[in-house]
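Single-letter residue listing:
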Amino acid sequence: MAHLLTNADRVVSVERLIAQMWRRQPPRTARTALHVYVSKLRRLLGGETTTPDRSMLVTQPPGYLLRLGGAGLDARAFDTLLATARTRANQGRLCEASQLITDALGLWRGPALADVRSAGGDLENEARRLDEARIAAYERRVELDLRLDRHADLVGELYAATSDHPMRESLHEYLMVALHRSGRPGEALEVYRAIHRSLQDTLGLEPGPRLQRLQRTVLTRGAEDLEYPGRWAGSGRGLAGGTRPRPKLSVRSA
């Protein structure tokens, strides 16, 4: 079911399904077993009580097709909300964009494909893609909220996010900006020191140039001088909701 859902409205070949379900050495009865599994799925989906042309799961050479029809799929709703958010942000309607991304993130109930990703193969790859899309969407929402001067509201959730993703430099960057703008430069520098230690101890690496420049900014400039250009291209240049433009101080990558 998971393989068919991640390829909804597309034919998945019998060979591909067999390869994904029995990754190392499919049994000689694999085709028969697959046929049995599909029949069980059809019963669960109500396909046995409807005419073939209206069944959700149909046989279509070289394999099977799961037709969603009017049914919803959270992954698609998530992508649609993000696309609309990007349009709103490009129009300078940042409050609306932030809310749309919040709605998109609200569709999640945990890691993608959590109960089947251990099967590996296509499902593991798709789970990773979806999880990365989720954290990227969260970063976009945080960036929009920073542009809307909501830094004080972000501090707590960013502390939690950096704890969950201790090697993700962008989240530490957002937390440093939020803390500095909230009048807490000492804590912002401690965030830098924490990820510096983690990168050094784990990988023997230094933080990236953006984080290094941001550290220098916190050390030498006041929060009122910090204009954070962000990472998300197309986030919109205007600031909606009555916020004021900030003097420019670039921390962009070279």
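Anyway, here's the lowdown on the structure attached to this text. (Residues numbered from 1 in each chain as written. Predicted model: local features only at pLDDT ≥ 70, side-chain atom pairs only at ≥ 80, totals over all residues. Heavy atoms only, no water.)

## Brief notes about the packing of aromatic side chains
Phase 1 of the analysis: Scanning the model with the defined rule gives two aromatic pairs in all.
Phase 2 of the analysis: Both rings, one in Trp22 and one in Tyr37, keep their centres 6.2 Å apart while their planes meet at 20°; by these two values the pair is stacked. One end of the pair, Trp22, is in the loop between helix H2 (14-21) and helix H3 (30-44); the other, Tyr37, is in helix H3, and 15 residues separate them in sequence.
Phase 3 of the analysis: Judged by its relative accessible area of 38%, Tyr37 falls in the partly exposed class.
Phase 4 of the analysis: On the numbers, 5.7 Å between centres and 80° between planes, the contact of Phe78 with Trp108 is edge-to-face. One end of the pair, Phe78, is in helix H4 (residues 74-90); the other, Trp108, is in the loop between helix H5 (94-105) and helix H6 (121-147), and 30 residues separate them in sequence. Comparing Phe78 with Trp108, the two get one shared label, buried. (Phe/Tyr/Trp six-rings, centres within 6.5 Å; stacked < 30°, edge-to-face > 60°. Helix = DSSP H or I, 4+ residues; strand = E, 2+ residues; numbered from the N terminus. Buried < 20%, exposed > 50% of the residue type's maximum accessible area, 1.4 Å probe, protein only.)

## Describing helix H10 (residues 209-220)
Structural remark: α-helix, 3.6 residues per turn; residues separated by three or four positions point the same way.
Phase 1 of the analysis: Between its terminal C-alpha atoms H10 stretches 17 Å, which fits the 16 Å expected from 12 residues at 1.5 Å a residue.
Phase 2 of the analysis: Within H10, burial applies to Arg210, Leu211, Leu214, Thr217 and Val218. Around the axis of H10, the buried residues are gathered within 115° of arc, so they sit on the same side. In H10, the exposed positions angled more than 90 degrees off the buried face are occupied by Leu219 and Thr220.
Phase 3 of the analysis: Next to the buried residues of H10 lie helix H8 (169-181) and helix H9 (185-203). (Expected span 1.5 Å × (residues − 1). Arc of directions from axis to C-beta. Contact = heavy atoms within 4.5 Å.)

## Topic: the layout of surface pockets
Phase 1 of the analysis: The space that makes up the largest pocket amounts to roughly 980 Å³.
Phase 2 of the analysis: Considering the residues around the largest pocket, the lining is formed by 40 residues, among which Ala2, Leu5, Thr6, Leu113 and Leu130 are closest to the centre.
Phase 3 of the analysis: Only helix H1 (2-5), H2, H3, H4 and H6 provide two or more residues apiece to the lining of the largest pocket.
Phase 4 of the analysis: Residues that form the lining of the largest pocket fall into these classes: 23 nonpolar, six polar and 11 charged.
Phase 5 of the analysis: Size it by volume and the second largest pocket reaches roughly 260 Å³.
Phase 6 of the analysis: In terms of lining, the second largest pocket is formed by Leu105, Asp131, Arg134, Ile135, Tyr138, Glu157, Ala160, Ala161, Asp164 and His165.
Phase 7 of the analysis: Residue assignment for the lining of the second largest pocket shows that the elements contributing at least two residues are H6 and helix H7 (151-164). (1 Å grid on protein atoms, 1.4 Å probe; cavity = no way out; pocket = protein on both sides within 12 Å on 5 of 7 lines; lining within 4 Å. Points joined across faces, edges and corners; volume = space filled by probe spheres on them. Nonpolar A, V, L, I, M, F, W, Y, C, P; charged D, E, K, R; others polar.)

## Points about unusual backbone geometry
Phase 1 of the analysis: In this structure, the amide linkage connecting Pro61 to the following residue, Pro62, adopts the cis form with an omega of 10°.
Phase 2 of the analysis: Tracing the sequence through the fold places Pro62 in the loop between strand E2 (57-60) and strand E3 (63-66).
Phase 3 of the analysis: The phi dihedral of Asp9 falls on the positive side, at around 65°, and the residue is not glycine.
Phase 4 of the analysis: Its place among the elements puts Asp9 in the loop between H1 and strand E1 (11-13).

## Re the pattern of salt bridges
Side chains that carry opposite charge are capable of pairing whenever their charged atoms lie near each other.
Phase 1 of the analysis: Under the defined criterion, the tally for this structure stands at 18 salt bridges.
Phase 2 of the analysis: With a closest N to O distance of 2.8 Å, Arg168 and Glu132 form a salt bridge. Within this pair, whereas Arg168 is found in the loop between H7 and H8, its partner Glu132 is found in helix H6, the two being separated by 36 residues in sequence.
Phase 3 of the analysis: Here the residues in one salt-bridge network are Arg141, Asp145, Arg150 and Glu157, joined through shared partners. (Salt bridge = Lys/Arg side-chain N within 4 Å of Asp/Glu carboxyl O.)

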